[in-house]
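# Descriptive structure summary
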Amino acid sequence: MPGHLAIIMDGNGRWARQKNLPRSEGHNQGTKTARAIVEESRRLGIPHLTLYAFSKENWARPKEEVSFLFSLLSRFLQKELQSLIKQDIRLNILGEPGDLPLATRKVLEHACTKTKTNKSMTLNLALNYSGRCEIIRACRLIVQKGLDPDRITEEGFKDFLYTAGQPDPDLIIRTSGELRISNYLLYQCAYSELYFTKTLWPDFTPQELWRALEDYAHRQRRLGRVEPA
Ligand code: IPE
Ligand code: IPE
Ligand code: MG
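An account of the accompanying structure is given in this report.

Quick notes on the rules
Residue positions within a chain follow its written sequence, with the count starting from 1. Here the convention is simple: chains get letters from A, ligands get numbers from 1, in the order in which they are written. Local features in a predicted model are, by the rule used here, given only for residues with pLDDT of at least 70; side-chain atom pairs are given and counted only at 80 or more, and totals for whole chains, interfaces and linings are based on all residues. Derived side-chain values reflect all non-hydrogen atoms in the structure, with water molecules and hydrogen atoms excluded from consideration. Nonpolar core, defined: a set of buried Ala, Val, Leu, Ile, Met, Phe, Trp, Tyr and Cys residues in which side-chain atoms within 4.5 Å join the residues together. Note on classification: 1.4 Å probe, protein chains only; a residue is buried when its accessible area is under 20% of the maximum for its type, exposed when over 50%, partly exposed between these limits. Each helix corresponds to a stretch of at least 4 residues labelled H or I by DSSP, and each strand to a stretch of at least 2 residues labelled E; elements are numbered beginning at the N terminus. Contact criterion: two residues are considered in contact whenever any of their non-hydrogen atoms come within 4.5 Å of each other. Between any two strands, at least two bridges found by DSSP are needed for them to pair. Axis definition: a line fit to C-alpha positions, over the contact stretch in the case of helices; interaxial angles, taken between N-to-C directions, run 0 to 180 degrees. The aromatic pairing rule takes the rings of Phe, Tyr and Trp, using the six-membered ring of Trp, and pairs them if the centres are within 6.5 Å, calling planes under 30 degrees apart stacked, those over 60 edge-to-face and the rest tilted.

## With respect to the nonpolar core
By size, the foremost hydrophobic cluster in this structure holds 39 residues, and its most contacted members are Leu 5, Ile 7, Leu 49, Leu 51, Leu 123, Leu 127 and Ile 173. Per element, the largest residue contribution to this core is eight residues, and it comes from helix H3 (residues 63-86). The residues contacting Leu 123, other than those within four sequence positions of it, are Val 38, Leu 49, Leu 51, Leu 84, Ile 89, Arg 90, Leu 91 and Asn 92. By size, the runner-up hydrophobic cluster in this structure holds eleven residues, among which are Ile 8, Tyr 52, Ala 126 and Tyr 184.

Okay, here's the thing in structure tokens:
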């Protein structure tokens, strides 16, 4: 089992287009998948789950789609909060929620506060997230702190990332057939195993999650070493 599973939830728009539905309907269905995958990951005992919900680059989408996504997120979190608490899941945000609409920010803050002491799983939402911005932000924090350049280490650098205190993702899943990382967890993904599936996010099921985990279990993570005899 991965200690940290990260997912790029992609393909909502294409799912909707295939069905002649508006893109918003794809995002609606996508939240249903997200709920099922969070529950299943928690049930399987995965301690850290990260979902890519909105990239900084996603601001380039039509205004209506962007505001729909934020209102959907607010409604989703309000609806799911009790269930997160019941499942002992801590909600954590990776990114810059400060740029989000006030109403969404309030719901996020409330959900994070209410789940702060939960222990069974950390659910990271990458929201207004960019891997490059995260690295630059870490550099700024280090400079502000006046750290001695000789004392900056690979491990120490991680304390300045949004994921401070959490392990690097062992497995990154991307749905919808795109074979790219799209600015996701750039520092943290150095040795992550990657799993790509053509399934569109709204069609992704717990069964397919098991398939990905099964595949991961057979991977040999050499981390630069030679294959064991
Ligand atoms: C992923 O689905 C959801 C977000 C990026 C918010 P997309 O909206 O990217 O769906 P496609 O890639 O257009 O099909
Ligand atoms: C990545 O999906 C971001 C999220 C899943 C939130 P995109 O659909 O935005 O990525 P690109 O544009 O295809 O690389
Ligand atoms: Mg996409």
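## Comments concerning the sheet that holds strand S1 (residues 4-8)
Spatial ordering of the open sheet is given by S3-S4-S2-S1-S5-S6, a layout of six strands whose pairing is parallel. The sheet is open, and its two edges are formed by strand S3 (89-95) and strand S6 (193-196), each paired on a single side. The average angle at which neighbouring strand axes cross in this sheet is 20°, direction not considered. Two strands pair when backbone bridges link them, and strand S5 (residues 171-174) and S6 are joined in this way by four bridges, in the parallel orientation. Bridge assignment links Leu 171 to a residue of S6, and that residue is Glu 193. Where helix H7 (residues 206-217) meets the sheet, it contacts S1, S5 and S6, and its direction lies at approximately 140° from that of S5.

## Thoughts on the packing of aromatic side chains
Here the structure, examined in full by the defined rule, presents nine aromatic pairs. Taking 4.9 Å as the distance between ring centres and 35° as the angle between the ring planes, the aromatic pair formed by Phe 157 and Tyr 187 counts as tilted. Pair noted here: Phe 157 is in helix H6 (residues 154-157) and Tyr 187 is in the loop between S5 and S6, with a separation of 30 residues, a long-range link. Given the relative accessible area of 10%, Phe 157 is considered buried. Each ring, one from Trp 201 and one from Phe 204, has its centre 5.4 Å from the other, and the planes form 20°; the classification is stacked. This pair shows no difference in class: Trp 201 is buried, exactly as Phe 204 is. Linked through ring pairs, Tyr 52, Tyr 129, Tyr 162 and Tyr 184 together constitute an aromatic cluster.

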